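# Examining the three-dimensional arrangement
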Amino acid sequence: MTTAAVTSRVERLASSGIQLIPKEYVRLQEELTNMGNVFEEEKNNEGPQVPTIDLGDIEAEDEVVRERCRNELKKAAMEWGVMHLVNHGISNELINRVKVAGEAFFNLPVEEKEKYANDQASGNLQGYGSKLANSASGQLEWEDYFFHCAFPEDKRDLSIWPKTPEDYIPAASEYAKQLRGLATKILAVLSLGLGLEEGRLEKEVGGIEELILQMKINYYPKCPQPELALGVEAHTDVSSLTFILHNMVPGLQLFYEDKWITAKCVPNSIIMHIGDTIEILSNGKYKSILHRSLVNKDKVRISWAVFCEPPKEKIILKPLPETVSETEPPRYLPRTFAQHIDHKLFRKTEGAVEKNQSTEDNKSPEDNQPREDGKRS
């Protein structure tokens, strides 16, 4: 894909009045299963449903109440690897500010957004961007995005954050700070669920100072042929944890029990994915689920994904000794986080895990570099 084609953006293509999408956006036939009307699929109450976890009692003084909450989270992490979090402690007012600011940025004219364009060819991934073809088929995804490091503060580059609207920087900064606190709570529960001390997993993914939060706002324009396109292709998240907000337009699909399932939109919830990093450390006890994002004809979909990522080179990711036994040998080779991305450890296809990494919302733009074969959430 040429630089000129990238700068045209999916948004511009979608608003041009086309009735047929360009062939680069048409997915392979084997990818088109369960890609019907996403609004009808979201209403379907039959079959498995993504679990909803009420975190209101995650630190309750009553031990029985507290353990019940924590066991539900652990169970969802082991069986699904994805869940809706409610009563998570982040105010609806702050979440609404984040959404309003993100929507306001994407409502700007494309020419205004282009002032924040990234330069993927030179490795500058932060900013406004679109997918570059990174496969032999040259397939593209039906989305534009805005990507930046959100936390810790000393690793941010506020010069590339949107200046319009004015509340973008304050709202996104406070949201990232509060998500970092939520991540600590979640990692503590997951540690205890493995029989470890509660601070162990957080330490293993970088601790207070080294765990990085990357924010990616995904913008999925209306699509004239949604049955042929994907907003984000099937992948697993390479992160430790991924937290996702959305504008209540359905689109997230999970590959669960050999079938694609459309997640319902749960008001006032944050979707949380277990990432590959935690799956590796737990020796597969916690799941990093294959997922993808659909598009539709009638509504723009926006999601806000925050990826909690370990430092790229400082930590060797491998199953923790406590998760390994004679009957449960290590399932993953030792690698740094950077090596995990580069070697595409997790190409999860329907019913198989292959060494070929393919992230709803949940890929970071590092996947979009021409040199990259793999996906990154």
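Look up a bit, the structure's there.
### So, the pattern of salt bridges
- Evaluation of the coordinates by the stated rule reveals 18 salt bridges.
- Between Glu233 and Arg27 there is a salt bridge whose closest N-O contact spans 2.3 Å. One end of the pair, Glu233, is in strand 6 (residues 232-235); the other, Arg27, is in the loop between helix 1 (3-14) and helix 2 (38-43), with 206 residues separating them in the sequence.
- Accessibility expressed as a relative area gives 4% for Arg27, which makes it buried.

### A short note on a negative patch on the surface
- A surface patch of like charges, here negative, comprises Asp54, Asp57, Glu61, Asp62, Glu63 and Glu72.
- By relative accessible area, Glu72 is classed as partly exposed at 38%.

### Observations regarding the packing of aromatic side chains
- Under the defined criterion, the tally for this structure stands at twelve aromatic pairs.
- Aromatic side chains Tyr116 and Phe146 sit 6.1 Å apart centroid to centroid with 70 degrees between the ring planes, which places their arrangement in the edge-to-face category. Of this pair, Tyr116 sits in the loop between helix 5 (110-113) and strand 3 (127-130) while Phe146 sits in strand 4 (residues 144-151), placing them 30 residues apart in sequence.
- Counting every residue linked through ring pairs, the aromatic cluster contains Phe105, Phe106, Tyr116, Tyr128, Phe146, Trp161, Tyr168 and Tyr219.
- The ring of Trp260 is capped by Arg292, whose NZ or CZ atom sits 4.1 Å from the centre of that ring.

### Brief notes about the sheet that holds strand 2 (residues 82-86)
- The strand order across the open sheet formed by eight strands is 1-2-10-7-12-5-4-3, and the pairing between neighbours is mixed. Across the chains shown, the open sheet's two edge strands, defined by having one partner strand only, are strand 1 (52-54) and strand 3. Ignoring which end each strand starts from, the neighbouring axes of this sheet average 25 degrees apart.
- Pairing of strand 7 (residues 241-246) with strand 12 (residues 301-309) involves six bridges; the strand directions are antiparallel. Paired with Thr242 across the two strands is Phe307, which belongs to strand 12.

### Some details on the packing of helix 3 (residues 63-79) against helix 6 (residues 168-193)
- Contact geometry of helix 3 with helix 6 gives a least axis separation of 10 Å together with a crossing angle of 80 degrees. Comparing their axes, helix 6 and helix 3 come out roughly perpendicular. Along its contact with helix 3, which presents Arg70, Leu73, Lys74, Ala77 and Met78, the element helix 6 presents Ile186, Val189, Leu190, Leu192 and Gly193.
- Residues that form the contact of helix 3 with helix 6 fall into these classes: seven nonpolar, one polar and two charged.

### Remarks on the environment of Leu94
- Among the secondary structure elements, Leu94 is positioned in helix 4 (residues 92-106).
- C-alpha of Leu94 to C-alpha of Ala172: the two residues are 78 residues apart in sequence and 8.9 Å apart in space.
- Ignoring anything within four residues of it in the chain, the contact list for Leu94 reads Ala171, Glu174, Tyr175 and Gln178.

### Let's talk about the nonpolar core
- Counting 60 residues, the largest nonpolar core has Tyr175, Leu190, Leu241 and Phe243 as the members making the most contacts within it.
- The element contributing the most residues to this core is helix 6, with twelve residues.
- Among all residues touching Phe243, those that are not within four sequence positions of it are Leu85, Leu179, Leu182, Ala183, Ile270, Ile271, Met272, Trp304, Ala305, Val306 and Cys308.
- If you look at the next biggest cluster of nonpolar residues, it comprises 13 residues, including Val50, Leu254, Tyr256 and Ile271.

### What to know about the packing of helix 4 against helix 6
- With their axes 9 Å apart at the nearest point, helix 4 and helix 6 run at an angle of 135 degrees to one another. Relative to helix 6, helix 4 is oriented oblique. At the point where helix 4 passes helix 6, the crossing takes the left-handed sense. Taking contact as the criterion, the partners of Leu94, Ile95, Arg97, Val98, Ala101 and Gly102 in helix 4 are, on helix 6, Tyr168, Pro170, Ala171, Ala172, Glu174, Tyr175 and Gln178.
- Each residue belonging to the contact of helix 4 with helix 6 can be placed in one class, and the counts come to nine nonpolar, two polar and two charged.

### Quick notes on the side chain of Glu143
- If you trace the backbone, Glu143 turns up in the loop between strand 3 and strand 4.
- Classification of Glu143 by relative accessible area gives buried; the value is 2%.
- For Glu143, the side chain forms a polar contact with the side chain of Lys216, separated by 3.1 Å.
- Each residue touching Glu143, except ones within four places of it in the same chain, is listed here: Val10, Ser130, Lys131, Lys216, Asn218, Tyr219, Tyr220, Pro221, Gly231 and Val232.

### Regarding unusual backbone geometry
- That bond from Phe151 to Pro152 is cis: its omega, 5 degrees, falls within 30 degrees of zero.
- Locating Pro152 in the fold gives a position in the loop between strand 4 and helix 6.
- In this model, Thr164 is joined to Pro165 through a cis peptide bond whose omega is 5 degrees.
- Note that Pro165 resides in the loop between strand 4 and helix 6.
- Look at Glu257: it is not a glycine, yet its phi comes out positive at around 50 degrees.
- Within the secondary structure, Glu257 is located in the loop between strand 8 (252-256) and strand 9 (259-262).
- By relative accessible area, which is 59% here, Glu257 ends up exposed.
- Although it is not a glycine, Asp258 sits at a positive phi angle of roughly 65 degrees.
- Looking at the secondary structure, you find Asp258 in the loop between strand 8 and strand 9.
- Residue classification places Asp258 among the exposed residues on the basis of a relative accessible area of 61%.

Rules behind the numbers
Sequence order as written defines residue numbering, which begins from 1 separately in each chain. Predicted model: local features are reported for residues with pLDDT of at least 70 only, side-chain atom pairs are reported and counted for 80 or more only, and whole-chain, interface and lining totals are derived from all residues. Derived side-chain values reflect all non-hydrogen atoms in the structure, with water molecules and hydrogen atoms excluded from consideration. For salt bridges, the criterion is a side-chain nitrogen of Lys or Arg within 4 Å of an Asp or Glu carboxyl oxygen. Secondary structure follows DSSP: runs of H or I at least 4 residues long count as helices, runs of E at least 2 residues long count as strands, and numbering of each begins at the N terminus. Only protein chains enter the calculation, and the probe is 1.4 Å; a residue is then buried if its accessible area is under 20% of its type maximum, exposed if over 50%, and partly exposed in between. Only residues whose relative accessible area exceeds 30% and that form no salt bridge are eligible for patches; like-charged ones are grouped when within 9 Å, while nonpolar side chains (Val, Leu, Ile, Met, Phe, Trp, Tyr) are grouped when within 5 Å. Using the Shrake-Rupley algorithm and a 1.4 Å probe, accessible areas are obtained, with residue cover drawn only from the displayed protein chains. Only four residue types enter the charge count, namely Lys and Arg as positive and Asp and Glu as negative; His and the chain termini do not. In plain terms, the charge of a residue is placed at NZ if it is Lys, CZ if Arg, CG if Asp and CD if Glu. Pairing of aromatic side chains requires ring centres within 6.5 Å, counting the rings of Phe and Tyr and the six-membered ring of Trp. Pairs whose planes differ by under 30 degrees are stacked, by over 60 edge-to-face, and all others tilted. We count a charge as sitting over a ring when the NZ of a lysine or the CZ of an arginine lies within 6 Å of the ring centre and within 35 degrees of the ring normal. If DSSP finds at least two bridges between two strands, the strands pair. To obtain an axis, a line is fitted to C-alpha atoms, over the contacting stretch when the element is a helix, and the angle between two such axes runs from 0 to 180 degrees between their N-to-C directions. Angular relationships are summarised with four words: roughly parallel below 35 degrees, roughly antiparallel beyond 145, roughly perpendicular across 65 to 115, and oblique for the angles in between. Residue contacts follow a heavy-atom distance rule, with two residues in contact if any of their heavy atoms lie within 4.5 Å. Gly is put with the polar residues, along with every residue not named as nonpolar or charged; the nonpolar set is Ala, Val, Leu, Ile, Met, Phe, Trp, Tyr, Cys and Pro, and the charged set is Asp, Glu, Lys and Arg. Within this scheme, the nonpolar core is defined by two criteria: the residues are buried Ala, Val, Leu, Ile, Met, Phe, Trp, Tyr or Cys, and they are joined through side-chain atoms within 4.5 Å. It is the rotation of the near helix from the far one that decides the hand of a crossing: anticlockwise by less than a right angle makes it left-handed, clockwise makes it right-handed. Polar contacts, as counted here, are pairs of nitrogen or oxygen atoms within 3.5 Å of one another; within protein the pair requires one atom able to donate a hydrogen and one able to accept it, and residues that are adjacent in sequence qualify only if both atoms are side-chain atoms.

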